[in-house]
Amino acid sequence: MPADRLLNTLLQHYQDVHDEPKSEQILGTTVHLLTHLSNPLNLGVLTSQLLTAPAIWQRPGFDLSHALRVVSIYNTAALRVSRDAAEALERKNKSDGFVRPPAGQDRESGGLKPDDWARAVVKGADDRSERWQHLLVLTGVLIGFEGNDRRTLSRGLRSTLQQAVVVAANLALQSHADDGPIAEAAIVMALNYAFPLLSEYHQAQLDCDVLLPVLLWAMLREGCNDGLFLQEIARDVTQAVGGAGACSWPQHAPSFAVLVEMDRRPVMSNMGPLAKMAAFAATHTTDTNIVLQAQDDLVLFSHKLLDAWAKNRLSSVEFGLASAALTPETLQATWPVLWQVLRKVMFGIVATLQAIVSRSLLDRQMLHEAVAPVIVAKSLQILRNISFISSVNGNDSFQVYTFTYLTSLDVICRSGAACENFLADFRPAEGLSVPSAHLQRTLDLYYLNVAEHMPLSLTTEAADALIIKPATLYLGFDGAASPTMLQIFESAHSAVLSVLSCPQHSALTIQLAPFYIVKLFESFPVRISPRQFRVAFKTVMQMVSPPFAIAAQEPLLGETLLEMLLGAITTASTLPLAPDETAQAASAESGETLQSAQSALVLALIDALPFLPLPLVEEWMTVAAQTLNEIVDPRVRRPVMERFWDILINGEMDVERSAIGVAWWGTKGGRELVLSGEARPAELPMMSGALMPAESKL
């Protein structure tokens, strides 16, 4: 059928609503005509009629995916026009102007050049249709001609088309509330496709004041269903019959079908690009209050997400132990899909939040001393609420998360009141035992990691109440050492050490140091790695030694701690540690490859030598050398010996202690004691060429 006659037939079909197969046939015919019509006026009429056609916009079950089919129609048509134009040019070049279709070609294109075709189509986006519908057409044309680094349109028309996309988007955003939720989501998705193809000049013309709220609505409500999908999952999770408490969430569960469908929807499947565009909007919004409201929206959504997860039986499953806590079907089929979706949700939140935090460093209103701590406290609160996602399998290791987290900590630590309020709001519940719920332990882990950065900003009383006491609860834990509990245990040690390292909290240090060292010995090496033990003991020794005030108040405290360490060395195991523990303990600087509990304690003793009072340095160097030679296994003893040599020459000791070390090594038997384990008597000083004693003459 000729294209003109087919156009009349198609326009008649546009006026009625059809079933699904007929609707798809109409869409296919539309693409065919868009590439075959040679009259620009007919192309404009076709576009104008399509944008008001009941067959397109009133089809049964019309949703966002149907609206985005308009983008697909014009994208496909533009690709074909571009390809036909390129083929025609190639044939023309090969035949010196004589154009002949290749063998087997059973159709003829409209013959319009891409610029002429684009102008004709754009003219069809007239006042009879809505601006958000225009945006769909313009986006399809733009990505069809310019996507994937194609440069099909002339430079001038490319810029004109980009400007048309921006104008249509801004006008559509002004009326989005009246056009309905599908229109809002369609605006967001069309901009998502077009945004990477816009020049920086045209991107800057977008109305970000309106775009940012609409983007967040689309991401959090349309894409993530406001977190309600977790509540639907909770209703379908059961305890497997005869499964010894294993959780079951089968593939045939309705909530899993809902989750899969949600993951396939345009917004969720494009969460990454949408989050980047939301970050752009947050950066370029002219009204600071809109940015603050966006952050409040993220706080509210993260709360809903956390509350919904807390009511889900799956929240009790530790990710690293999932194989024992889930049925095989759940572990292999439904569990991975859930975490795939949760990771997308987390990335969308964090990418947007990172832009808000970045802006808070430059925006005058957000930099105000009364506002800045509140902003970063909310950011840390959002990260806390999604920590059940970020703490799993290295999900928090990407740069955007790290920047957001550390920058928020840097800013909040400028205000002692803000730090105290934040810790008071989220302090773990007081009790005599560690929480048994995995989710609460995850939240406590985040709390301890944050608290570790705040002692310098807190009073001694606040540091004791908000850091020491919550951390002490976990230091006394003697239950099963799951992966999460090991992380919390190390975080609790780090939090306590951060308090003990602050000179202003010296009263706490005097009180806690002996208790803490006892806990340190009790924990090693089962719950704390050799590396962490050495760092902890070294830190405490540094704080109780000169020039810190504690050394004057309690001059025997440092030597007491060394005696405790020496006692532990005599009873420590000499068996090499397991490979996984060794990997944690291995230091890239010292090149350690094999350790025992005994050798790790000796290394801790050697690490403490640079901080000892001058009168004790030589004595404890001798003790360290003696304990070194009590290590029987040469494979384990060798790294300790190398560490001893290293500390004598690498500059860790100051000038006075280095001089003591040199004298001890060269003239007081240190060299022989370290290398062979046998000390020789100190030689009497003697002038070169002096006469030997009479009794020694031959």
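Residues numbered from 1 in each chain as written. Predicted model: local features only at pLDDT ≥ 70, side-chain atom pairs only at ≥ 80, totals over all residues. Heavy atoms only, no water.

Participant: Tell me what's going on with empty space enclosed by the protein, and back it up with residues and numbers.
Facilitator: Rolled over the atoms, a probe as big as a water molecule pinpoints where empty space is left. This model, assessed by the stated rule, comprises two cavities of 30 Å³ or more. The calculated volume of the largest cavity comes to roughly 80 Å³. Along its surface, the largest cavity is lined by Trp309, Leu314, Ser315, Val317, Trp335, Trp339, Phe388, Ser391, Val392, His438, Leu439 and Thr442. In terms of residue count, helix H25 (residues 438-451) provides more of the lining of the largest cavity than any other element does, three residues in total. A breakdown of the residues in the lining of the largest cavity according to their chemical character gives eight nonpolar, four polar and no charged. Its volume calculated, the second largest cavity comes out at about 30 Å³. Every residue lining the second largest cavity is listed: Ile468, Thr472, Leu475, Val496, Leu512, Phe515 and Tyr516. Elements that contribute at least two residues to the lining of the second largest cavity include exactly helix H26 (460-475) and helix H28 (506-523). Residues of the lining of the second largest cavity, tallied by class, amount to six nonpolar, one polar and no charged. (1 Å grid on protein atoms, 1.4 Å probe; cavity = no way out; pocket = protein on both sides within 12 Å on 5 of 7 lines; lining within 4 Å. Points joined across faces, edges and corners; volume = space filled by probe spheres on them. Helix = DSSP H or I, 4+ residues; strand = E, 2+ residues; numbered from the N terminus. Nonpolar A, V, L, I, M, F, W, Y, C, P; charged D, E, K, R; others polar.)

Participant: Let's hear about the nonpolar core: which residues, and what values?
Facilitator: Grouped together as the largest cluster of nonpolar side chains are 233 residues, with contacts concentrated most on Trp117 and Phe537. It is helix H19 (residues 328-360) that provides the largest number of residues to this core, a total of 15 residues. Taken together, domain 1 (3-90 + 112-204) and domain 2 (516-521 + 531-575 + 593-677) each give at least three residues to this core, which thus spans both. Leaving out residues up to four positions away in the same chain, tryptophan 117 has contacts with Leu34, Leu43, Tyr74, Ala77, Ala78, Val81, Leu112, Val141 and Phe145. (Core = buried A, V, L, I, M, F, W, Y, C linked by side-chain atoms within 4.5 Å. Buried < 20%, exposed > 50% of the residue type's maximum accessible area, 1.4 Å probe, protein only. Domains from an automatic or database assignment. Contact = heavy atoms within 4.5 Å.)

Participant: Talk me through unusual backbone geometry; I want residue IDs and the actual numbers.
Facilitator: Backbone phi values are negative for most residues with the exception of glycine, while trans is the configuration of most peptide bonds. A cis amide bond links phenylalanine 524 to the next residue, proline 525, at an omega of 0 degrees. Looking at the secondary structure, you find proline 525 in the loop between H28 and helix H29 (530-543). Here proline 546 and proline 547 are connected by a cis peptide whose omega angle stands at 10 degrees. A positive phi angle is found at asparagine 225, which is not glycine, with a value near 55 degrees. Residue classification places asparagine 225 among the partly exposed positions, given a relative accessible area of 25%.

Participant: Explain the packing of aromatic side chains residue by residue, including any values.
Facilitator: Scanning the entire structure with this criterion turns up 19 aromatic pairs. Taken together, a centroid distance of 5.5 Å and an interplanar angle of 80 degrees make the contact between tryptophan 57 and tryptophan 132 edge-to-face. On the criterion of sequence distance, the pair formed by tryptophan 57 in helix H4 (residues 54-57) and tryptophan 132 in helix H7 (residues 131-146) is long-range, its members being 75 residues apart. For tryptophan 57, a relative accessible area of 12% puts it in the buried group. Arranged with centres 6.3 Å apart and planes meeting at 10 degrees, the rings of phenylalanine 533 and phenylalanine 537 form a pair that is stacked. Taken together, the residues span about one helical turn, with phenylalanine 533 and phenylalanine 537 both in helix H29 at a distance of four residues. (Phe/Tyr/Trp six-rings, centres within 6.5 Å; stacked < 30°, edge-to-face > 60°.)

Participant: Lay out the confidence of the model for the chain in plain terms, naming residues and giving numbers.
Facilitator: This prediction gives the chain a mean pLDDT of 88; 91% of its residues lie at or above 70. This stretch, residues 681-685, has a pLDDT under 50; its non-local contacts, to residues over four places away or in other chains, come to two contacts. (pLDDT = per-residue confidence, 0-100.)

Participant: Report on the side chain of arginine 384, specifying residues and quantitative values.
Facilitator: Along the chain, arginine 384 falls in helix H21 (residues 372-385). Aspartate 444 provides the closest opposite charge to the buried, unpaired arginine 384, separated from it by 6.5 Å. Leaving out residues up to four positions away in the same chain, arginine 384 has contacts with Leu306, Phe426, Leu443 and Tyr446. (Lys, Arg positive; Asp, Glu negative; His and termini not counted. Salt bridge = Lys/Arg side-chain N within 4 Å of Asp/Glu carboxyl O.)

Participant: Please provide a residue-by-residue account of helix H1 (residues 3-14), values included.
Facilitator: Every α-helix winds through 3.6 residues per turn, so residues three or four apart in the chain are directed the same way. For H1, spanning 12 residues, the distance from its first C-alpha to its last is 16 Å, which sits close to the expected 16 Å at 1.5 Å a residue. Within H1 the residues assigned to the buried category are Leu6, Leu7, Leu10, Leu11 and Tyr14. Looking down the long axis of H1, one finds its buried residues gathered within 140 degrees of arc, a one-sided arrangement. Across H1 from its buried face, at more than 90 degrees, point the exposed residues Arg5 and Gln12. (Expected span 1.5 Å × (residues − 1). Arc of directions from axis to C-beta.)

Participant: Could you give an account of the packing of helix H2 (residues 20-36) against helix H3 (residues 40-50), with specific residues and numbers?
Facilitator: Remark: H2 packs on H3, axes separated minimally by 10 Å, with the N-to-C direction vectors making an angle of 155 degrees. In terms of orientation, H2 lies roughly antiparallel with respect to H3. Pair H2 / H3 crosses with left-handed handedness. Only Leu43, Leu46, Thr47 and Leu50 of H3 make contact with H2, whose side of the interface consists of Thr30, Leu33 and Leu34. (Axes fitted to C-alpha atoms, helices over the stretch in contact; angles between N-to-C directions. Parallel < 35°, antiparallel > 145°, perpendicular 65-115°, else oblique. Left-handed = near helix turned anticlockwise from the far one by under 90°.)

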